[in-house]
There are 2 protein chains.
Amino acid sequence: MKSLQQLTRRKALTGLATPRLASQTFASQRLWQRNFAVTASAASQLAALDASKLSITKTTTPKELTPPKELVFGKTFTDHMLTVEWTATDGWHSPRIVPYQNLSLDPSTCVFHYAFECFEGMKAYKDKNGGTRLFRPNKNMERLNKSSARIALPTFDGEALIKLIGEFVKVDDRFIPDARGYSLYLRPTMIGTQKTLGVGPPGSALLFVIASPVGPYYPTGFKAISLEATDYAVRAWPGGVGDKKLGANYAPCILPQLEAASRGFQQNLWLFGEEEYVTEVGTMNLFIAIKNKETGKNELITAPLDGTILEGVTRDSVLTLARERLAPKGWEISERKIRMADVAQAAEEGRLIEVFGAGTAAIVSPVRSISYRGKLVDCGLKEHEEAGEIALQMKNWIEGIQYGDEPHSWSYEI
Amino acid sequence: MKSLQQLTRRKALTGLATPRLASQTFASQRLWQRNFAVTASAASQLAALDASKLSITKTTTPKELTPPKELVFGKTFTDHMLTVEWTATDGWHSPRIVPYQNLSLDPSTCVFHYAFECFEGMKAYKDKNGGTRLFRPNKNMERLNKSSARIALPTFDGEALIKLIGEFVKVDDRFIPDARGYSLYLRPTMIGTQKTLGVGPPGSALLFVIASPVGPYYPTGFKAISLEATDYAVRAWPGGVGDKKLGANYAPCILPQLEAASRGFQQNLWLFGEEEYVTEVGTMNLFIAIKNKETGKNELITAPLDGTILEGVTRDSVLTLARERLAPKGWEISERKIRMADVAQAAEEGRLIEVFGAGTAAIVSPVRSISYRGKLVDCGLKEHEEAGEIALQMKNWIEGIQYGDEPHSWSYEI
């Protein structure tokens, strides 16, 4: 796969090698070349990510398993980690599974200064036959490559990384709790490791995968959440990087999240522009089910992929299943912009059927209410109801595929 | 100083402790509390950053000095580094100057995943009496506190950090080249160090300062640069974080920079909105000197601080000096929006006097031309001229203050 990044790197270097403007024989260019240049010919000989070169070094001090009920998301990790180094001169080095350990990095490493970092979130599930499955891992590979290329980090063969992740999961298989709702959360991460304060494309990178056993998001059944619509801060914008899974998209979201929490809301809902379009929730995409005023039909709506929302794998799964299984029952399935004011109006007119978030952590997360312009928009749940029909249905469909109950091409057996 | 972050943290935790909505007794909230909570009473007893608690451990293997002419920006570092840990439970720990060394961090550390990182760029200069000086360090402290608070990292007493940086510079004094144009580049950096994949305010952080001796940006005199106006990607947005010095603002800028380089331009110029307002250059603010059509007066223009541009210290210095020293000569000094089309028109009508970037690295960086809509806008330099009068004047004024030739309150003697 030739990525935008590879193309750009090649083009940029060619450009640097054959300057068109006299003024280019110049300090900043020399600096770049000294720091970052690889020749175009070297670039074509770079090693691809090769799963057959994997080496495994097992830990001599295996950890005790945490009792499943005490698991906290992303706090405890397995015995090992997968690491692969990349350099601009050689390409991908040999992958290694090694004991889980600290990263030792020079304080000038570019990941600490310029946020050269992107990641994925995916899970491994135990099926009823004791087998282990991933869910649509190709989607995660695709997105990680897009994220990485957007910040001038290397791309890789997604199939190879899926194989390597499979080997890693096998080595730490004992950490996957064998119960419905439990899984092994996998965190593929790519960071720039060049040791320089010069701002430019990193000449080296590290791809690593760590794994954390996790319990069900809702251990005692669904609990609908309440959102606060945020109009004073903006998460993403057209021409920006809000559709990529970059570290850069996360730290700036904490204060609005804390603001919402301080007023008793579990998450904030990002509105965009003067029109106050509904985009996404803290760490999830959002789905809105309404009875459409014009068509009179039920409509399941989520924001379109216009660059301002994350291209969620769960979002895509919900859309696909909805088109396959809800559309025949008369539902319209729409990727379109919807204004928060229109959601509020639908609620007032009794046309708001249900609202739910969608993401890897919870699959779906039903929404009870949204605070908007000083009012609470009621999202259609009855008083003692914690989830709407669509959310419940989606959770069951997707979980059924993830745990292998329903044979499906989305389920990848390790 | 009570920061937005401290206020927010307090408020948020109070909010979490006394939920207003029934649905808040809830998984994500419990997760937060387990991961991140400090009690409000503990928060008020947090230790402030205290320079008097500094300990110094000197290296036993001092480095050889790099010959000044071989220095590359941000590639070689001094013998030591300054580090201060912070925890949400205790506040600031005792500052330490230790031998320059790798950071050893768990791979789940939040700086690698969610870009909890911000930094400053400042310099120490040798004056003619052998003394060492910083330039407006209080501005850097102010900005680092703003950046840090915006991503839920801790704030600190700026005076205390200036003192600590002074001590650090004294310890590594031999690395500061004693020649005009040379300096010691200082990189204060704050990173989140919490070991969890949960997305929330970090419960621990590390403030560190490293130092790199640097030579003049233009070793053989000014070289005017050429810019490419970028209209296909957007660096910052109102309500975003483009005015903070966050790592998050840097990695996404590399591809447009490479694109510009591939066509022979040293930097890209970020335009904003349908109006194509001129905002800033790759890593500098931008100044434009025109003869104003309406007033007939000379006008020095830079983009206003509307949240989409970095609040540059050099920008502020140029503005202040221009108001003091150019305004009396009839110049208008304006912080206002200007459209790229208006810059192009001024050039066509012979009213574009000069254009230059402003930043810590180069002080000023004269611009020869800007590629815009397929044409090269000529920025007013004569064929064999590498800098305009204002740029030259500003460089001399600011450098004179930085190196202590002109006594000035901006120069801080260590």
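Keep in mind that this is a model prediction, so the values were computed, not measured.

Caption draft 1: Region of the structure containing the overall build of chain A. Secondary structure summary: chain A contains 10 helices and 20 strands in total. Split into buried and exposed, the 414 residues of chain A put 62% on the buried side. Within chain A, counting contacts between residues at least 6 apart in sequence, those at least 24 apart form 72% of the total. If you sum the accessible surface of chain A, you get close to 15,800 Å²; carbon and sulfur atoms cover 49% of it.

Caption draft 2: Layout of the relation of the copies chain A and chain B. By a simple turn and slide, chain A fits onto chain B: the slide is 0.0 Å along the axis, the RMSD is 0.0 Å, and the turn is 180°. What the rotation and shift describe, once combined, is the action of a two-fold rotation axis. Both copies contact each other with a shared surface, as 99% of the interface residues of chain A are interface residues in chain B too.

Caption draft 3: How the structure looks around the pattern of salt bridges. All names here are of chain B. One pass over the structure, following the stated rule, counts 52 salt bridges over all chains. A salt bridge links Arg 133 to Glu 413; the nearest nitrogen and oxygen atoms lie 3.7 Å apart. Linking Arg 133 in strand β8 (residues 132-135) with Glu 413 in strand β20 (residues 411-413), this pair joins segments that are 280 residues apart in sequence. According to the relative accessible area criterion, Arg 133 is buried, its value standing at 10%. Close ionic contact of Arg 336 with Glu 299 constitutes a salt bridge, the shortest N to O distance being 2.9 Å. In this pair, Arg 336 is assigned in the loop between β16 (332-335) and α9 (340-348) and Glu 299 in strand β15 (residues 298-302), connecting sequence segments 37 residues apart. A residue is classified by how much of its surface remains accessible, and Glu 299, at 3% relative accessible area, is buried.

Caption draft 4: Inspection of the packing of helix α8 (residues 313-326) of chain B against helix α10 (residues 389-402) of chain B at higher detail. Residues and elements named next belong to chain B. Contact geometry for α8 and α10: axes closest at 11 Å, N-to-C directions at 105°. Between α8 and α10, the interaxial angle falls into the category roughly perpendicular. In contact with Thr 314, Ser 317, Val 318, Leu 321, Ala 322, Arg 325 and Leu 326 of α8, α10 contributes Ile 390, Met 394, Trp 397, Ile 398 and Ile 401. Of the residues that constitute the contact of α8 with α10, the class distribution is 9 nonpolar, 2 polar and 1 charged.

Caption draft 5: Local environment of the environment of Val 84 of chain B. All names here are of chain B. With respect to the secondary-structure elements, Val 84 resides in strand β2 (residues 80-87). On the basis of relative accessible area, Val 84 is assigned to the buried category, the value being 1%. Once the C-alpha coordinates of Val 84 and Leu 255 are considered, the two residues, 171 residues apart in sequence, prove to be 34 Å apart. Aside from chain neighbours lying at most four places away, what touches Val 84 is Leu 49, Trp 92, His 93, Ser 94, Pro 95, Ala 205, Leu 206 and Leu 207.

Caption draft 6: Structural detail: empty space enclosed by the protein. Scanning the entire structure with this criterion turns up 10 cavities of 30 Å³ or more. Of the pockets and cavities examined, the largest cavity occupies roughly 280 Å³. If you go around the largest cavity, you meet 25 residues; those closest to its centre are Trp 237, Val 241 and Asn 249 of chain A together with Arg 235 and Ala 248 of chain B. Of the residues belonging to the lining of the largest cavity, the class tally is 15 nonpolar, 6 polar and 4 charged.

Caption draft 7: Structural context of the nonpolar core. By size, the foremost hydrophobic cluster in this structure holds 125 residues, and its most contacted members are Leu 161, Ile 165 and Leu 186 of chain A together with Leu 161, Ile 165 and Leu 186 of chain B. Sequence-distant contacts of Ile 165 of chain A, defined by excluding residues within four places in its chain, comprise Leu 82, Met 122, Leu 134, Met 141, Leu 186, Pro 188 and Val 209 of chain A. Grouped together as the second largest cluster of nonpolar side chains are 52 residues, Phe 287, Ala 358, Tyr 372 and Ala 391 of chain B included.

Caption draft 8: Highlighting the interface of chain A and chain B. With 92 residues of chain A at the contact, the number on the chain B side is 93 residues. Together chain A and chain B conceal approximately 8,000 Å² of surface at their shared face, both sides included; 65% is due to carbon and sulfur atoms. The largest contributions to the chain A side of the interface with chain B come from Pro 107, Phe 112 and Leu 255 of chain A, which together make up 8% of the buried area. Inspection of the region where chain A meets chain B yields 0 salt bridges. The tally of links from chain A across to chain B stands at 29 residue pairs in polar contact (both at pLDDT 80 or more). Element by element, the count of residues in the side of chain A that touches chain B is highest for helix α7 (residues 254-262) of chain A, at 8 residues.

Caption draft 9: Looking closely at helix α5 (residues 137-150) of chain B. All names here are of chain B. Taking 1.5 Å of rise per residue, 14 residues should cover 20 Å, and α5 covers 20 Å from first to last C-alpha, within 8% of that figure. Across the 14 residues that make up α5, a large majority, 10, are buried. Of the residues flanking the end of α5, it is Ala 152, one or two places downstream, whose phi is positive at about 60°.

Caption draft 10: Just the pairing of strand β17 (residues 352-359) of chain B, in detail. Counting buried positions over the 8 residues of β17 of chain B gives 7, a clear majority of the element. Hairpin connection between β17 of chain B and strand β18 (residues 363-372) of chain B: a loop of 3 residues separates the two successive antiparallel strands.

Caption draft 11: Quick peek at the pairing of strand β16 (residues 332-335) of chain A. The pairing of strand β15 (residues 298-302) of chain A with β16 of chain A spans 4 bridges and is parallel. Bridged to Leu 300 of chain A within β16 of chain A is Ile 333 of chain A.

Caption draft 12: Structural view of the state of the cysteines. Residue and element names in this part refer to chain B. Following the criterion strictly, the structure yields 0 disulfides over all chains and no others. With no disulfide of its own, Cys 110 lies closest to Cys 118 among cysteine sulfurs, the gap being 12 Å. With a relative accessible area of 3%, Cys 110 lands in the buried category. Given the relative accessible area of 0%, Cys 118 is considered buried.

Caption draft 13: Looking closely at the packing of aromatic side chains. Summed over the entire model, instances satisfying the criterion amount to 26 aromatic pairs over all chains. Ring geometry for Trp 237 of chain A versus Trp 237 of chain B: centroids 6.3 Å apart, planes at 10°, classification stacked. Here Trp 237 of chain B lies in the loop between β11 (225-230) and α7 (254-262) and Trp 237 of chain A lies in the loop between β11 (225-230) and α7, a pairing that spans two chains. Residue classification places Trp 237 of chain A among the buried residues on the basis of a relative accessible area of 11%. Grouped by ring-pair contacts, the aromatic residues Trp 237 and Phe 272 of chain A together with Trp 237 and Phe 272 of chain B constitute a single cluster. The lysine or arginine in question, Lys 63 of chain B, covers the ring of Tyr 100 of chain B, its NZ or CZ lying 4.4 Å from the ring centre. Of note, Arg 325 of chain B hangs over the ring of Trp 397 of chain B, and the distance from its end group to the ring centre comes to 5.2 Å.

Caption draft 14: Structural context of the packing of α5 of chain B against helix α6 (residues 158-171) of chain B. All names here are of chain B. Where α5 contacts α6, the two axes come as close as 9 Å, and the packing angle between them is 125°. Between α5 and α6, the crossing angle belongs to the class labelled oblique. As α5 packs across α6, the resulting crossing turns out to be right-handed. Between α5, through Pro 137, Asn 138, Met 141, Leu 144 and Asn 145, and α6, the contact on the second element is made entirely by Gly 158, Leu 161, Ile 162 and Ile 165. Counted by class, the contact of α5 with α6 contains 6 nonpolar, 3 polar and no charged residues.

Caption draft 15: View of unusual backbone geometry. In the Ramachandran plot, Arg 136 of chain A falls in the positive-phi region, its phi being about 45° despite a non-glycine side chain. Residue position: Arg 136 of chain A is located in the loop between β8 (132-135) and α5 (137-150). Even without being a glycine, Glu 276 of chain B presents a positive backbone phi close to 55°. Looking at where Glu 276 of chain B falls in the secondary structure, it is placed in the loop between β12 (267-272) and β13 (277-281).

So, how was this worked out
- Residues numbered from 1 in each chain as written.
- Chains lettered and ligands numbered in written order.
- Predicted model: local features only at pLDDT ≥ 70, side-chain atom pairs only at ≥ 80, totals over all residues.
- Heavy atoms only, no water.
- Helix = DSSP H or I, 4+ residues; strand = E, 2+ residues; numbered from the N terminus.
- Buried < 20%, exposed > 50% of the residue type's maximum accessible area, 1.4 Å probe, protein only.
- Contact = heavy atoms within 4.5 Å.
- Areas by Shrake-Rupley, 256 points an atom, 1.4 Å probe, with all protein chains shown as cover.
- Least-squares fit on C-alpha atoms with pLDDT ≥ 70 in both.
- Salt bridge = Lys/Arg side-chain N within 4 Å of Asp/Glu carboxyl O.
- Axes fitted to C-alpha atoms, helices over the stretch in contact; angles between N-to-C directions.
- Parallel < 35°, antiparallel > 145°, perpendicular 65-115°, else oblique.
- Nonpolar A, V, L, I, M, F, W, Y, C, P; charged D, E, K, R; others polar.
- 1 Å grid on protein atoms, 1.4 Å probe; cavity = no way out; pocket = protein on both sides within 12 Å on 5 of 7 lines; lining within 4 Å.
- Points joined across faces, edges and corners; volume = space filled by probe spheres on them.
- Core = buried A, V, L, I, M, F, W, Y, C linked by side-chain atoms within 4.5 Å.
- Buried area = accessible area lost by both parts, 1.4 Å probe.
- Polar contact = N/O pair within 3.5 Å; in protein donor to acceptor, adjacent residues only side chain to side chain.
- Expected span 1.5 Å × (residues − 1).
- Pairing = 2+ DSSP bridges.
- Disulfide = S-S within 2.5 Å.
- Phe/Tyr/Trp six-rings, centres within 6.5 Å; stacked < 30°, edge-to-face > 60°.
- Lys NZ or Arg CZ within 6 Å of the ring centre and 35° of its normal.
- Left-handed = near helix turned anticlockwise from the far one by under 90°.

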